[in-house]
Amino acid sequence: MTSIKWQDGSTEQKVTKFYQHGVENFGQFHKGYLNFGLWENGNTDYITASENLISCLGNLLEFNNSNLLDVACGMGAQDVFLMENFNLNSITALDLLYEHLKYGRERAQAADFEDKIDFIQGTATKLPFENNSFDRALCIEGLIHFNTRTDFFKETYRCLKNDSIFVVSDYCLKRAPTTKWQQFALKSTLKLWNIPKENVSTISQYKNILESIGFSEVEIYPIGEKVIPGYFNEQHSKACLKELTRIRGFFAGRIGHIIDHAVYRTFKWGLIDYILVKARKKSLCKQ
């Protein structure tokens, strides 16, 4: 498979450049998981928290011999976990980074799922699939980078069959910043993390966007308290900082460190939250 080279200056090129730092050194660190995790019952182990989050999302998807589209699949660890633990027929996993997909294929092959999980390079805002191709769709955290998130929602709606389920984990705005320092912190987070300003929305705005596209039964669960502090504490342990510096290098590692602080601080100020979202594609009216 030939790697796609994204257009210079595009969101896809910027996000790829950001996440490419040290990807070849990642190996089995954190078992290949990249999400923030769901930290419950006093757990302090990242892999446990990560798989807890994926399990929660899998339960929301109500798999029933389903064909899943997983957008922003990372290095495929979540897809292998889902295939091992849920009633799935197949997974089509899409990501911007060719390097991520290479790891994903290796993981799927090692788990004997190479005929069940298909890894494809592409962009979320122009999904390379026919209409009505899937009965389930998932995106874990990658939505903040899509230019725009709304375009991704439209594309997902197009690719889903009727009566399908769509689930994401994402970040949203709880309230507008009230001080110059809060405004600066929020603006800096958007810039450092390559987040288009169009993706900044409150829970009510988020729900309205999904419904305006045609999704129904939209449910949104704010769970930031069970996600962001646990992730922040684990990422800033001495062992994790040392390993991330080895993987990504000093400069890229420190940029990640600054972003973690910005996300944590804006969460503690009550500016942002972490949400789980479930929605359904409406059925067509029967004649």
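Preceding this paragraph is the structure being described.
1. What to know about the overall build of the chain
Working step 1: When helices and strands are tallied, the chain shows 10 helices and 7 strands.
Working step 2: Relative to a compact globule of 287 residues, whose C-alpha radius of gyration would be 19 Å, the chain shows 18 Å and is just as compact.
Working step 3: Across its three principal directions, the C-alpha atoms of the chain cover 55 × 45 × 45 Å.
Working step 4: Counting the 287 residues in the chain, one finds 54% classified as buried.
Working step 5: Within the chain, contacts between residues separated by at least 24 positions form 78% of all contacts whose residues are at least 6 apart in sequence.

2. A look at the sheet that holds strand β6 (residues 215-222)
Strand pairs in the sheet, formed through backbone hydrogen bonds, run parallel or antiparallel to each other.
Working step 1: The strand order across the open sheet built from 7 strands is β3-β2-β1-β4-β5-β7-β6, with neighbouring strands paired in mixed fashion. Taken across any chain shown, the strands that pair with only one partner, and hence form the sheet edges, are β3 (117-121) and β6. In this sheet, adjacent strand axes meet at a mean angle of 15° when their direction is disregarded.
Working step 2: The strands that helix α5 (residues 149-159) touches are β1 (66-71), β4 (134-140), β5 (160-173), β6 and β7 (272-281); relative to β5, the one it contacts most, it runs at about 160°.

3. Topic: the packing of aromatic side chains
Working step 1: Tallied over the entire structure, the rule returns 21 aromatic pairs.
Working step 2: Relative to Phe86, the ring of Phe63 has its centre 5.6 Å away and its plane inclined at 65°; by these criteria the two rings are edge-to-face. With Phe63 in the loop between α2 (46-61) and β1 and Phe86 in the loop between α3 (77-85) and β2 (88-95), the pair connects residues that are 23 residues apart, well separated along the chain.
Working step 3: The class of Phe63 is buried, set by a relative accessible area of 11%.

4. Regarding the packing of α5 against helix α7 (residues 203-213)
Angle between the axes and distance between the axes: these two values describe a pair of packed helices.
Working step 1: Relative orientation of the contacting elements α5 and α7 amounts to 35°, with a least axis distance of 10 Å. Seen along the crossing, α5 lies across α7 with a hand that is right-handed. Packed against α5, whose contacting residues are Arg149, Thr150, Phe153, Lys154 and Tyr157, the element α7 presents Tyr206, Ile209, Leu210 and Ile213 at the interface.
Working step 2: Considered class by class, the residues forming the contact of α5 with α7 number 6 nonpolar, 1 polar and 2 charged.

5. Things to note about unusual backbone geometry
Working step 1: Of the consecutive residues Asn147 and Thr148, the connecting peptide bond is found in the cis state with omega at 10°.
Working step 2: Following the sequence through the fold, Thr148 ends up in the loop between β4 and α5.
Working step 3: One non-glycine residue, His30, lies in the positive phi region at around 55°.
Working step 4: By the secondary structure assignment, His30 is in the loop between α1 (11-20) and α2.
Working step 5: Not every positive phi belongs to a glycine, and Ala72 is a case in point at roughly 65°.
Working step 6: Inspection of the secondary structure puts Ala72 in the loop between β1 and α3.

6. Observations concerning the packing of α2 against α3
Working step 1: Taken N-terminus to C-terminus, the directions of α2 and α3 make an angle of 55°; their axes are 10 Å apart at the nearest point. Relative to α3, the element α2 is oriented oblique. Along this stretch, α2 crosses α3, giving a crossing that reads as right-handed. Residue-level inspection shows Glu51, Ile54, Ser55 and Gly58 of α2 in contact with α3, the latter providing Gln78, Phe81 and Leu82.
Working step 2: When its residues are assigned to classes, the contact of α2 with α3 shows 3 nonpolar, 3 polar and 1 charged.

7. Topic: the pairing of β5
Working step 1: Within β5, 11 of the 14 residues are buried, which leaves it mostly tucked inside the rest of the structure.
Working step 2: Here 6 bridges tie β4 to β5, and the two strands are oriented parallel to one another. When the sheet's bridge partners are listed, Ala137 is paired in β5 with Phe166.
Working step 3: Taken together, the 9 bridges between β5 and β7 define a ladder with antiparallel strand orientation.

8. Details of the nonpolar core
Working step 1: The biggest cluster of nonpolar side chains holds 53 residues, and the ones touching the most others in it are Phe36, Leu82, Ile117 and Tyr274.
Working step 2: The greatest single-element share of this core, amounting to 7 residues, is contributed by α2.
Working step 3: In contact with Leu82, other than residues within four places in its own chain, are Ile54, Gly58, Phe63, Leu68, Leu88, Ile91 and Leu138.
Working step 4: Counting 27 residues, the second largest nonpolar core, distinct from the first, contains Leu69, Val71, Tyr206 and Ile275.

9. Section: empty space enclosed by the protein
Working step 1: Under the counting rule described, the total for this entry stands at 2 cavities of 30 Å³ or more.
Working step 2: What the largest cavity holds in volume is close to 190 Å³.
Working step 3: Along the wall of the largest cavity there are 16 residues; nearest its centre are Tyr171, Leu186, Leu190, Ile195 and Ile272.
Working step 4: Sorting the residues of the lining of the largest cavity by element identifies β5, α6 (180-192) and α10 (250-268) as the ones contributing at least two each.

Definitions and limits used
Residues numbered from 1 in each chain as written. Predicted model: local features only at pLDDT ≥ 70, side-chain atom pairs only at ≥ 80, totals over all residues. Heavy atoms only, no water. Helix = DSSP H or I, 4+ residues; strand = E, 2+ residues; numbered from the N terminus. Rg over C-alpha atoms; globule rule 2.2 N^0.38 Å. Buried < 20%, exposed > 50% of the residue type's maximum accessible area, 1.4 Å probe, protein only. Contact = heavy atoms within 4.5 Å. Pairing = 2+ DSSP bridges. Axes fitted to C-alpha atoms, helices over the stretch in contact; angles between N-to-C directions. Phe/Tyr/Trp six-rings, centres within 6.5 Å; stacked < 30°, edge-to-face > 60°. Left-handed = near helix turned anticlockwise from the far one by under 90°. Nonpolar A, V, L, I, M, F, W, Y, C, P; charged D, E, K, R; others polar. Parallel < 35°, antiparallel > 145°, perpendicular 65-115°, else oblique. Core = buried A, V, L, I, M, F, W, Y, C linked by side-chain atoms within 4.5 Å. 1 Å grid on protein atoms, 1.4 Å probe; cavity = no way out; pocket = protein on both sides within 12 Å on 5 of 7 lines; lining within 4 Å. Points joined across faces, edges and corners; volume = space filled by probe spheres on them.

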